[in-house]
Amino acid sequence: MKFNGEELTFKRIFTFVFGLFVMSFGVAFSITSTLGTTPISSIAYALALITNLSVGMTTFIFNAGLILVQFLILQSRFEKKRLLQLINCIVFGYFTDVALYFVSFIPFDASVMMCIVYLALSIFLIALGIFIYMPSNIAPLPGEGCVEAIAIVTNWRFSSVKIGFDATVVTLALIMCGLWYTDIFGAVYIGTVISAFMIGFTLRQINNLYAHITGAHIDVVK
């Protein structure tokens, strides 16, 4: 069976799901670090603080909303295969709650060193998850799908749109926390800024290390 021009194998499905699972632990460590979540998770976490819903549920709601935004942006150019991003919404949301549950059993003393370690783990796991799941070429996370949609209609570079998109998401999370007088620094803090710069850098280093060891290059931007 062909999917996106490639044979849909068990390996593709497994790497897709496993990559999302690894990323979910990255999100869990970023939340537990108290240094701020990753940019794309900031609104979902702000929603969780405001509504008392689980982070997994608000992650699903936020990502489903991003699919709707893609439809509004692309209109007639919206391809039905983009609806497959709903799979990501469900799987990634569920995995996030599971990851937070397991991470909660790890002793955390909230010391500066422990917070930094958790933030570093978060950055590494999110980059590693992207490295694992993106080459499966099944469906991007809705955040990346939304950036792609904006790039399509504006003809702007993906990387430029990504920077503006992340900045907008973080700003909205700050506004939400401010309006509802909730924990701003739980959703957006110094770790959010560090993650915005370091996840891409870490992803490149993982890719380079893999290429050095195996001689093979993994395309993470299909």
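In case you missed it, the structure is sitting above this.
Bear in mind the structure is a predicted one, so any value in this text is a computation, not a measurement.

## Section: the pattern of salt bridges
For side chains of opposite charge, pairing can occur when their charged atoms come near one another.
In step 1: According to the stated counting rule, one finds 4 salt bridges in the structure shown.
In step 2: Measuring nitrogen to oxygen at the nearest pair gives 3.9 Å for the salt bridge that ties E79 to K81.
In step 3: Residue E144 pairs with K162 through a salt bridge whose shortest N-O separation is 3.0 Å. Placement of the pair is E144 in helix α6 (residues 142-154) and K162 in helix α7 (residues 158-179), with a sequence separation of 18 residues.
In step 4: Using a relative accessible area of 22% as the deciding quantity, one classes E144 as partly exposed.
In step 5: On the basis of relative accessible area, K162 is assigned to the partly exposed category, the value being 22%.
In step 6: Residues joined in a network through salt bridges with shared partners are E144, K162 and D166.

## A few points about the environment of A196
In step 1: Inspection of the secondary structure puts A196 in helix α9 (residues 190-214).
In step 2: Considering only alpha carbons, one finds A196 and T38, 158 residues apart in sequence, at a separation of 6.8 Å.

## Re unusual backbone geometry
In step 1: We note that A110 has phi near 60°; this positive angle belongs to a residue other than glycine.
In step 2: Within the element layout of this structure, A110 appears in the loop between α4 (85-103) and α5 (112-133).
In step 3: One non-glycine residue, N155, adopts positive backbone phi at about 65°.
In step 4: Tracing the backbone shows N155 in the loop between α6 and α7.
In step 5: Relative accessible area serves as the criterion here: at 68%, N155 is assigned to the exposed category.

## Comments concerning the packing of aromatic side chains
In step 1: Applying the stated rule across the entire model yields 12 aromatic pairs.
In step 2: Here the aromatic rings of F14 and F18 are separated by 5.7 Å at their centres, their planes lie at 5°, and the arrangement is stacked. Note that F14 and F18 are positioned in helix α1 (residues 10-32) at a spacing of 4 residues, about one turn of the helix.
In step 3: Judged by relative accessible area, which is 45%, F14 ranks as partly exposed.
In step 4: Ring centres 5.1 Å apart and planes at 70° place the aromatic pair F21 and F25 in the edge-to-face group. In this pair, F21 and F25 both sit in helix α1, 4 residues apart, roughly one turn of the helix.
In step 5: Classification of F21 by relative accessible area gives partly exposed; the value is 28%.
In step 6: Its relative accessible area of 17% is what places F25 among the buried residues.
In step 7: Taken together, the ring pairs in this structure connect F21, F25, Y94 and F95 into an aromatic cluster.

## Details of α7
In step 1: In this model, α7 (22 residues) spans 31 Å end to end at C-alpha, consistent with the 32 Å of a helix rising 1.5 Å per residue.
In step 2: All of the buried residues along α7 are V161, F165, D166, V169, V170, A173, M176 and C177. Relative to the axis of α7, the buried residues are bounded by an arc of 165° and lie together on one face. α7 presents I163 and L179 as exposed residues on the side facing more than 90 degrees away from its buried surface.

## Brief notes about the packing of α1 against α4
In step 1: At a minimum axis distance of 8 Å, the contact between α1 and α4 shows a crossing angle of 50°. If you check the angle between α1 and α4, you find them oblique. Every pair of crossing elements has a handedness; the one defined by α1 and α4 is right-handed. Across the interface between the two elements, F16, V17, L20, F21, M23, S24, F25, V27, A28, F29, I31 and T32 of α1 pack against I87, N88, V91, F92, F95, T96, A99, L100, F102 and V103 of α4.
In step 2: For the contact of α1 with α4, a count of residues per class yields 18 nonpolar, 4 polar and no charged.

Calculation rules
Residues numbered from 1 in each chain as written. Predicted model: local features only at pLDDT ≥ 70, side-chain atom pairs only at ≥ 80, totals over all residues. Heavy atoms only, no water. Salt bridge = Lys/Arg side-chain N within 4 Å of Asp/Glu carboxyl O. Helix = DSSP H or I, 4+ residues; strand = E, 2+ residues; numbered from the N terminus. Buried < 20%, exposed > 50% of the residue type's maximum accessible area, 1.4 Å probe, protein only. Phe/Tyr/Trp six-rings, centres within 6.5 Å; stacked < 30°, edge-to-face > 60°. Expected span 1.5 Å × (residues − 1). Arc of directions from axis to C-beta. Axes fitted to C-alpha atoms, helices over the stretch in contact; angles between N-to-C directions. Parallel < 35°, antiparallel > 145°, perpendicular 65-115°, else oblique. Left-handed = near helix turned anticlockwise from the far one by under 90°. Contact = heavy atoms within 4.5 Å. Nonpolar A, V, L, I, M, F, W, Y, C, P; charged D, E, K, R; others polar.

Remember that the coordinates give geometry; whether it matters functionally is a separate question.
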